[in-house]
Number of protein chains: 6
Amino acid sequence: MPYVNIQVTREGVTREQKAQVIAGVSDVLHRVLGKDPAITYVVIEEVEPDNWGVGGLPLPEFRRRQAAP
Amino acid sequence: MPYVNIQVTREGVTREQKAQVIAGVSDVLHRVLGKDPAITYVVIEEVEPDNWGVGGLPLPEFRRRQAAP
Amino acid sequence: MPYVNIQVTREGVTREQKAQVIAGVSDVLHRVLGKDPAITYVVIEEVEPDNWGVGGLPLPEFRRRQAAP
Amino acid sequence: MPYVNIQVTREGVTREQKAQVIAGVSDVLHRVLGKDPAITYVVIEEVEPDNWGVGGLPLPEFRRRQAAP
Amino acid sequence: MPYVNIQVTREGVTREQKAQVIAGVSDVLHRVLGKDPAITYVVIEEVEPDNWGVGGLPLPEFRRRQAAP
Amino acid sequence: MPYVNIQVTREGVTREQKAQVIAGVSDVLHRVLGKDPAITYVVIEEVEPDNWGVGGLPLPEFRRRQAAP
């Protein structure tokens, strides 16, 4: 009875991509651990870039600095 | 100091229902574990059906197939 | 397809109490939201008191100060 | 490779405040545990007050009662 | 910068299986969403069966009843 | 009423370091968001290195390759 929580930034993930992530992750747990996909829950959480920090900075600012020469 | 996180699909849960869930879950932890409701946090997260996977499918598609003859 | 995560301090919760928490919380979601218990997952996480902070202190130290005259 | 999840009520947290929380928390993990901020993720989740329970009540109702004489 | 949390019951998952789950899930996010595995964190949490509820019962009891004639 | 969950690898974090992380993070939320530490919960979860993936690999293997010439 696996439960999987996936957090990604909210940046235009399409319905089709979500379906592919759900199918792919369920398949991994099936192949590797023998978990029946029928009992695997996959929850995708989309996080605003301003709410995601890395390098001590909100992601938009982090990326700006990475891109700067 | 319990912390409870409840994830359900975003499908019209009313304010009154949320209040009942919060009251009910706090009461369970009080009765069974003796936890004072004053220190129990209950956080309800509503998840878009497209972001919830089961059976290797997004929930709307999963339900369509369940309903099919 | 609710998923519930309950975090409490690891302080001697018995197997029987866990069963009662699982039954009680599943029942609340059934009564209030109409969720079939068959599809409700309840995961209990027991956290070492040293790993739980409140009032800016680990729980054991927080309690010591609360108890002091 | 720390991962930090911060849940607060959605009550007008500004972009600047989020940046300060991300910077501050990353700094704590750097100073205390020696974790390079470059590998620390901080995710802020803003929760609707109606979805946050304490004292067995949704937060707005809890506050109304606290404020009552 | 995806973060993935996978909860499964603690029932003898091997080190090799964990490595395969990590590789597989990171690959799904790479193929579908273009996320560089270098920035994808995958955290596996193993939950004691007594702490996992489904059908209103702890998992061991749930399974016993499923298996009964 | 903030709730903070911190996941780090289980690699000898001391009781004193946990106390400093709890104090430091509670202080950040107090200074930046005006949250009273009395109502801030901080939960530290220590994750086995084999259960933490990055770069598509369990952390011990990831580090071995980083260290290799």
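Residues numbered from 1 in each chain as written. Chains lettered and ligands numbered in written order. Predicted model: local features only at pLDDT ≥ 70, side-chain atom pairs only at ≥ 80, totals over all residues. Heavy atoms only, no water.

Caption draft 1: Quick look at the environment of aspartate 36 of chain B. Residue and element names in this part refer to chain B. With respect to the helices and strands, aspartate 36 occurs in the loop between helix H1 (15–33) and strand E2 (41–47). A relative accessible area of 43% means that aspartate 36 is categorised as partly exposed. With 21 residues separating them in the primary sequence, aspartate 36 and arginine 15 have C-alpha atoms 23 Å apart. Here the side chain of aspartate 36 touches alanine 38 through a polar contact of 2.9 Å, landing on its backbone nitrogen. (Helix = DSSP H or I, 4+ residues; strand = E, 2+ residues; numbered from the N terminus. Buried < 20%, exposed > 50% of the residue type's maximum accessible area, 1.4 Å probe, protein only. Polar contact = N/O pair within 3.5 Å; in protein donor to acceptor, adjacent residues only side chain to side chain.)

Caption draft 2: Highlighting the interface of chain E and chain A. With 25 residues of chain E at the contact, the number on the chain A side is 25 residues. Interface area, chain E with chain A, both sides summed: about 2,100 Å², of which 74% is carbon and sulfur. Summed over the shared surface of chain E and chain A, the number is zero salt bridges. Where chain E touches chain A, the interface holds five residue pairs in polar contact (both at pLDDT 80 or more). Of all the secondary-structure elements, those providing two or more residues to the side of chain E that touches chain A are strand E1 (3–9), helix H1 (15–33), strand E3 (52–54) and helix H2 (59–67) of chain E. (Contact = heavy atoms within 4.5 Å. Buried area = accessible area lost by both parts, 1.4 Å probe. Salt bridge = Lys/Arg side-chain N within 4 Å of Asp/Glu carboxyl O.)

Caption draft 3: How the structure looks around the environment of valine 47 of chain A. By the element assignment, valine 47 of chain A lies in strand E2 (residues 41–47). Owing to a relative accessible area of 7%, valine 47 of chain A belongs among the buried residues under this scheme. Residues within four places of valine 47 of chain A in sequence aside, it is in contact with Gln7, Val8, Thr9, Arg10 and Trp52 of chain A together with Val43 of chain D.

Caption draft 4: Looking closely at the relation of the copies chain E and chain A. Of the transformation superimposing chain E on chain A, the axial component is 0.0 Å and the angular component is 180°, with the fit at an RMSD of 0.0 Å. The operation mapping one copy onto its partner corresponds to a two-fold rotation axis. Judged by C-alpha distance, asparagine 5 of chain E is the residue of chain E that lies nearest the rotation axis, at 2.5 Å. Counting the interface residues of chain E, we find that 100% of their copies in chain A are interface residues as well, pointing to one common contact surface. (Least-squares fit on C-alpha atoms with pLDDT ≥ 70 in both.)

Caption draft 5: Just the packing of aromatic side chains, in detail. Under the criterion given, the structure shown has 12 aromatic pairs over all chains. Ring geometry for tyrosine 3 of chain B versus tyrosine 3 of chain F: centroids 3.6 Å apart, planes at 5°, classification stacked. In this pair, tyrosine 3 of chain B sits in strand E1 (residues 3–9) while tyrosine 3 of chain F sits in strand E1 (residues 3–9), so the two residues belong to two different chains. By relative accessible area, tyrosine 3 of chain F is classed as buried at 3%. (Phe/Tyr/Trp six-rings, centres within 6.5 Å; stacked < 30°, edge-to-face > 60°.)

Caption draft 6: How the structure looks around the relation of the copies chain C and chain A. For the pair chain C and chain A, the best superposition has an RMSD of 0.0 Å and corresponds to a rotation of 180° with a translation of 0.0 Å parallel to the axis. Interface overlap between copies: 100% of the residues of chain C at the interface are likewise at the interface in chain A, consistent with a symmetric, same-surface contact.

Caption draft 7: Expanded view of the pattern of salt bridges. Under the criterion given, the structure shown has 48 salt bridges over all chains. The closest approach of N and O atoms between aspartate 27 of chain B and arginine 31 of chain B, which form a salt bridge, is 3.0 Å. On the criterion of helical spacing, the pair formed by aspartate 27 of chain B and arginine 31 of chain B is a turn pair, its members being four residues apart in helix H1. Sharing partners across several salt bridges, the network here consists of Arg10, Lys18, Glu46 and Glu48 of chain A.

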